[in-house]
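The lines below spell out each chain.
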Amino acid sequence: MKDSQTRPKQTNGSGETATPDLPNKQREAAILSYEITAIGIVHINAQQCITYIHPNVAQILDLEAELVQAQLARAIGELHLEQRPDVSAMLQRILAGETLTGERIRWDHRQKQPILLEIHNTPLRDSSGTWIGTVIILQNITAREQATAAQQQLMTTLERRSAQLETAAQVSRATSSILNLEQLIHETVQLVRERFDMHYVGLFEVDTSGEWAILRGGTGTVGQQLLAQGYRLPVSGNSMTGWVITHKQPRLAPNVGEDDIHLANPLLPETRSELTLPLISRNAVIGTLSIQSTQEAAFNSDNIIVLQAMADQLANAIANARLYEQAQREIVERIRAESQLSASKSQLEHLLGISPVVIYTCAATTPNTLTFISDNVEALLGYPATTLTKLEDAFISYAHPEDHALIQAAHETLLQTGSANIEYRLQTAHGDYRWINDRKQLVSDSQRHPQEIVGCWIDITDSKIADSAIKRLNRELVLLYRASRALAASLDLSEVLTTVTEEMQRLLGVSACSVWLEEAPSGDLICSYASGPSSGPLRGLRA
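Just so we're clear, the structure is a prediction, and the values are computed from it rather than from any experiment.

Peer 1: Sorry, what's going on with the side chain of Thr361 here?
Peer 2: Of note, Thr361 is situated in strand E12 (residues 358-363). Here Thr361 falls in the buried class, since its relative accessible area comes to 12%. Among the polar contacts made by the side chain of Thr361, one reaches the side chain of Thr371 at a distance of 2.8 Å. Look past the residues within four positions of Thr361 in its chain and what remains in contact with it is Leu370, Thr371, Phe372, Glu452, Ile453 and Val454.

In structure tokens form, the structure reads like this:
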């Protein structure tokens, strides 16, 4: 900065050196503070003339240094910016005294490859506050933005793969709390298609006659068209859906063009592979889940296992939703009948007693005290209904201590929105806990004053256990994979036996494991290898 080529100069519009508008030390300090590699600096004086251009500017804009330096002493108005209205508008803002911080603008590169510039400027003012110039700082941030975009793409890929592994558990958790059958089916097919990046997912439900598989849910515009058509397939017909329902097992078509029973759909011409899974509840096929991809051999053994486990959970959720809808219809019908005829009360109590859904009521002012609960609660918790209605705080008394705050929060939501859906644990007469899905509605009078709470309990313990089982299955698959890799990597019998016993110990969670081999020609069994605290005496033992 000591030579004339790098020290900023101030000139008037005719190119003559003008009287400095800013004390030299203050101006040089402002420029020196930004004069670093890859950052370009331009100074404009009070006459709106360019008085200083840092050499980095030519490099950043990929222009000849002589061409850039030739702009010194030129007025901003003399620059030919007719083709760059965005640049012209930004300069006008700067000359008007505006401070720009991190403004971005695209600059056409010499090779027609645009670059992204980040612009900052600092207005300069004299002691009276009058604008006497500005220092503009520009930086090429193209590489930084490209790196950010590449990192984001990588993170997106990793997140998608991780999401696929969690899909089965997510579907299980989501479906366990949805009791509206139509909503359950719609959200499930959408979730499977998105998380597994599939072309199309459709859900068929077997009708009451058992002769037809009726499409109940489908993704995309194709799914909407098929649903509008009332699309259905004969169970006895030549299709993967009919085959799966008949045989109660999944069917995979890695290449649909070579599969004998794949039924091509003209609305899905891009399908190349298909996996159809049975939805089985109480040993009966209630429907199928059709998952289609635009890639051949898109399914492998790992995601088939996960998808089938997910389908099993979905089948249970659909069965529960059917029961819930049936119970809801029956409750409404029975309550209406009770208001018309008091003699129907005994019939309603009988219905609630045989329903798998436990129905209860309580006053809006005392939400923890039951005023009524159906007799089938005894089958769920082991307590007679009369025992629960006598307690002032039945919910709190039998709820798990960790769930008390959750129950209180759900009541506040109920008062605000008129409905609430919550999962928590209730202790049984045997001392263990059952997971309950509690869905409740607030009943108000004609003046909208809360009067009563009507709710139902559904036992979702099995769904919770199944969710844990899926996670345990994933861990077991990882252990088996490690064992198989270790076996394939070694031909030494001793190493093989060591690997097998150690992996089996971890897989089964046992403290000891041994391998016995038959000796020829005696036929005796000999303990060839043993692991665990008492393994020493076992080795070499005959049996």
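There is more to say after this.
Peer 1: How should the sheet that holds strand E5 (residues 131-140) be read in this particular structure?
Peer 2: Within a sheet, adjacent strands bond to each other through the backbone by hydrogen bonds, running parallel or antiparallel. Ordered by their spatial adjacency, five strands build an open sheet running E2-E1-E5-E4-E3, and the pairing between neighbours is antiparallel. For this open sheet the edge positions go to strand E2 (50-53) and strand E3 (101-107), each flanked by a neighbour on one side alone. Going from strand to strand, the sheet's axes swing by 25° on average, the running direction of each strand aside. The pairing of strand E1 (residues 39-45) with E2 spans three bridges and is antiparallel. Directly across from His43, in E2, lies its bridge partner Tyr52. Contacts from helix H4 (residues 85-95) reach E1, E3, strand E4 (115-125) and E5 within the one sheet, and its direction differs from that of E3 by about 155°.

Peer 1: Honestly, the sheet that holds E12 in this entry has me stumped. Any pointers?
Peer 2: The strand order across the open sheet built from five strands is E13-E12-E16-E15-E14, with neighbouring strands paired in antiparallel fashion. Only two strands of the sheet have a single neighbouring strand rather than two, namely strand E13 (370-373) and strand E14 (419-427). The mean angle between the axes of side-by-side strands here comes to 25°, regardless of whether they run parallel or antiparallel. Strand direction decides the pairing type here: strand E15 (residues 433-444) and strand E16 (residues 450-459), joined by nine bridges, are antiparallel. Bridging across to E16, Arg439 finds its partner in Cys456. Most of the contacts of helix H14 (residues 404-417) go to E14, to which it runs at about 160°, and overall it touches E14, E15 and E16.

Peer 1: Help me understand the pattern of salt bridges in this model?
Peer 2: Opposite charge on two side chains permits them to pair, given that their charged atoms come into close proximity. Summed over the entire model, instances satisfying the criterion amount to 17 salt bridges. One salt bridge in this structure joins Asp86 and Arg84, with 2.9 Å as the shortest N-O distance. The class for Arg84 is buried, based on a relative accessible area of 15%. Two residues, Arg144 and Glu118, come together in a salt bridge whose shortest N-O distance is 3.1 Å. With a gap of 26 residues between them, Arg144 in helix H5 (residues 142-176) and Glu118 in strand E4 connect regions that are remote in the sequence. A network of salt bridges, in which partner residues are shared, links Arg104, Glu118, Arg144 and Glu145.

Peer 1: Help me out: how do you make sense of the packing of aromatic side chains in this one?
Peer 2: The description of an aromatic ring pair rests on the distance of the ring centres and on the angle between the ring planes. Counted under the stated rule, the structure contains three aromatic pairs. Between Tyr360 and Trp457, the ring centres sit 5.4 Å apart and the planes meet at 45°, which makes this aromatic pair tilted. With Tyr360 in strand E12 and Trp457 in strand E16, the pair connects residues that are 97 residues apart, well separated along the chain. Its relative accessible area of 4% is what places Trp457 among the buried residues.

Reading guide: rules and limits
- Residues numbered from 1 in each chain as written.
- Predicted model: local features only at pLDDT ≥ 70, side-chain atom pairs only at ≥ 80, totals over all residues.
- Heavy atoms only, no water.
- Helix = DSSP H or I, 4+ residues; strand = E, 2+ residues; numbered from the N terminus.
- Buried < 20%, exposed > 50% of the residue type's maximum accessible area, 1.4 Å probe, protein only.
- Polar contact = N/O pair within 3.5 Å; in protein donor to acceptor, adjacent residues only side chain to side chain.
- Contact = heavy atoms within 4.5 Å.
- Pairing = 2+ DSSP bridges.
- Axes fitted to C-alpha atoms, helices over the stretch in contact; angles between N-to-C directions.
- Salt bridge = Lys/Arg side-chain N within 4 Å of Asp/Glu carboxyl O.
- Phe/Tyr/Trp six-rings, centres within 6.5 Å; stacked < 30°, edge-to-face > 60°.

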